[in-house]
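# Residue-level structure breakdown
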Amino acid sequence: MSHAPAATGPSASSPHTHWEYLLPILSVHLLACIALVPWCFSWSGMSLAILGTVVFGTLGINLCYHRVLSHRSLKLAKRVEHSLATIALCSLEDTPARWVANHRLHHAHSDAPLDPHSPRDGISWSHAGWLFRRAPDRRTYAFFDRYAHDILSDDYYRWLERHPMAILWIYSIHAAAFMTVGFVIGATTAGSWQAGVQLAVSWLVWGVFLRTVLVWHITWSVNSLTHLFGYRNYATGEDSRNNWLVGLLAMGEGWHNNHHHDPSSASVQHRWWEIDATYYMILFLERIGWATQVIRPRHLRHPATARQTVLHP
Ligand SMILES: [Zn+2]
Ligand SMILES: [Zn+2]
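What counts, and where the lines are drawn
- Residues numbered from 1 in each chain as written.
- Chains lettered and ligands numbered in written order.
- Predicted model: local features only at pLDDT ≥ 70, side-chain atom pairs only at ≥ 80, totals over all residues.
- Heavy atoms only, no water.
- Helix = DSSP H or I, 4+ residues; strand = E, 2+ residues; numbered from the N terminus.
- Rg over C-alpha atoms; globule rule 2.2 N^0.38 Å.
- Buried < 20%, exposed > 50% of the residue type's maximum accessible area, 1.4 Å probe, protein only.
- Contact = heavy atoms within 4.5 Å.
- Lys, Arg positive; Asp, Glu negative; His and termini not counted.
- Charge placed at Lys NZ, Arg CZ, Asp CG, Glu CD.
- Salt bridge = Lys/Arg side-chain N within 4 Å of Asp/Glu carboxyl O.
- Donors = N, O, S within 2.8 Å, 3.2 Å for Na, K, Ca; no water.
- Tetrahedral: all angles 85-135°; square planar, octahedral: opposite > 155°, others 65-115°.
- Core = buried A, V, L, I, M, F, W, Y, C linked by side-chain atoms within 4.5 Å.
- pLDDT = per-residue confidence, 0-100.

## Brief notes about the overall build of the protein chain
- Secondary structure assignment for the protein chain yields 14 helices and 2 strands.
- Relative to the globule expectation of 20 Å for 313 residues, the C-alpha radius of gyration of the protein chain, 20 Å, shows essentially globular dimensions.
- Projected onto the principal axes, the alpha-carbon positions of the protein chain cover approximately 65 × 50 × 40 Å.
- Taking all 313 residues of the protein chain together, 52% fall into the buried category.
- The long-range fraction of contacts in the protein chain, counting pairs at least 24 apart against all pairs at least 6 apart in sequence, stands at 69%.
- Treating the 24 positive side-chain charges of the protein chain as one cloud and the 20 negative ones as another, the clouds have centres 3 Å apart.

Okay, here's the thing in structure tokens:
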């Protein structure tokens, strides 16, 4: 399988454009721009946008899609895993099998021709462009089965794969829930239905649309920026880097060179200041008994050999 570099890729009107992804992503970006209208602003809406990046991005995408499902760095109780996967679906980042298959392909061929989103094909390609280009061989059940067979052996994830529109239903239901709760709180605290409508719209625009856009760009920055900018602790054979800005915004995922060095570890914190907030949440889940078999970093598992590829000890 191969894809054309972004620099020589098709234009937006090309028959190779993957409209099924381009249109929803463009639409949600446009809807998020409504946040610029002062009438839509509320402090609670802004708080939901920020808190939502933690709930839907960190818990859903980082912890569940990435560390649990893609790398099996820990085990969660099944009902917890399915709940977090459903939360991840509300970030509109594909079904579990598709996300996992593409991510495992990235690790298997990082910055090589088969990498689905290497910045060697252009920064815009690695950030989001790769999503908008048709890649029929990466969207077949056979591809998902090859790279995410374990995911498809789960009844819930296999059902999602057979009913791909479910992701839009789940997203719509969670958006409706934000609006409903916003309306009830706005109407009861201010005593008017107009205030209820205003808070409902604010929560929808800030807490759903803008938050979705923020989580997208945080995830996409891991694919783009952390293969371009930052320092390397390890000679990993590709371009992965530790980027403090992405590390901060993506709650640990920006320590990407550490991750490529030791992808099975539940933690990407290899130095005291490389803060991995996602791992702290994993430790909390382990403490309350919801997470087990948490894989520690290689330098703790195999201290004698772990530093062999270190660039800057
Ligand atoms: Zn990478
Ligand atoms: Zn990974």
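So, next bit.
## Side note on the pattern of salt bridges
- Tallied over the full model, the rule gives 12 salt bridges.
- Two residues, arginine 67 and aspartate 276, come together in a salt bridge whose shortest N-O distance is 2.8 Å. Residue arginine 67 is located in helix H2 (residues 43-70), and its partner aspartate 276 is located in the loop between helix H12 (256-261) and helix H13 (277-287); the two are separated by 209 residues in the primary sequence. One exposure class covers both arginine 67 and aspartate 276, and it is buried.
- Residue lysine 78 pairs with glutamate 81 through a salt bridge whose shortest N-O separation is 3.3 Å. Residue lysine 78 and its partner glutamate 81 are located together in helix H3 (residues 78-89), separated by 3 residues, close to a single helical turn.
- The exposure class of glutamate 81 is buried, given its relative accessible area of 3%.
- Residues participating in the shared-partner salt-bridge network are Arg67, Glu253 and Asp276.

## Comments concerning the coordination of the zinc ion (ligand 1)
- Listed as protein donors to the zinc ion (ligand 1) are His106 (NE2), His227 (NE2), His256 (NE2) and His260 (NE2); their distances from the metal cover 2.0 to 2.1 Å.
- Of note is the zinc ion (ligand 1), whose 4 donor atoms meet at the metal with angles of 95 to 142° in an arrangement that counts as irregular.
- Going along the chain, you hit the donors of the zinc ion (ligand 1) in the pattern H-x120-H-x28-H-x3-H. One end of the pair, histidine 106, is in helix H4 (residues 96-108); the other, histidine 260, is in helix H12, and 154 residues separate them in sequence.
- Assessed through its relative accessible area of 2%, histidine 106 is described here as buried.
- Under the relative-accessibility criterion, histidine 260 is labelled buried at 11%.

## Some thoughts on the nonpolar core
- Ranked by size, the top nonpolar core spans 61 residues in total, and within it Leu69, Leu74 and Leu76 carry the most contacts.
- In terms of residues, this core owes the most to one element, helix H10 (residues 193-224), which gives 10 residues.
- Residues contacting leucine 69, with those up to four places away along its chain left out, are Cys64, Glu81, Pro96, Val100, Arg104, Asp150, Ile151 and Tyr157.

## Looking at the confidence of the model for the protein chain
- For the protein chain, the mean per-residue pLDDT works out to 92, and 92% of the residues sit at or above 70.
- Taken together, the stretch residues 1-13 has pLDDT below 50 and engages in 23 contacts with residues farther than four places along the chain or on a different chain.

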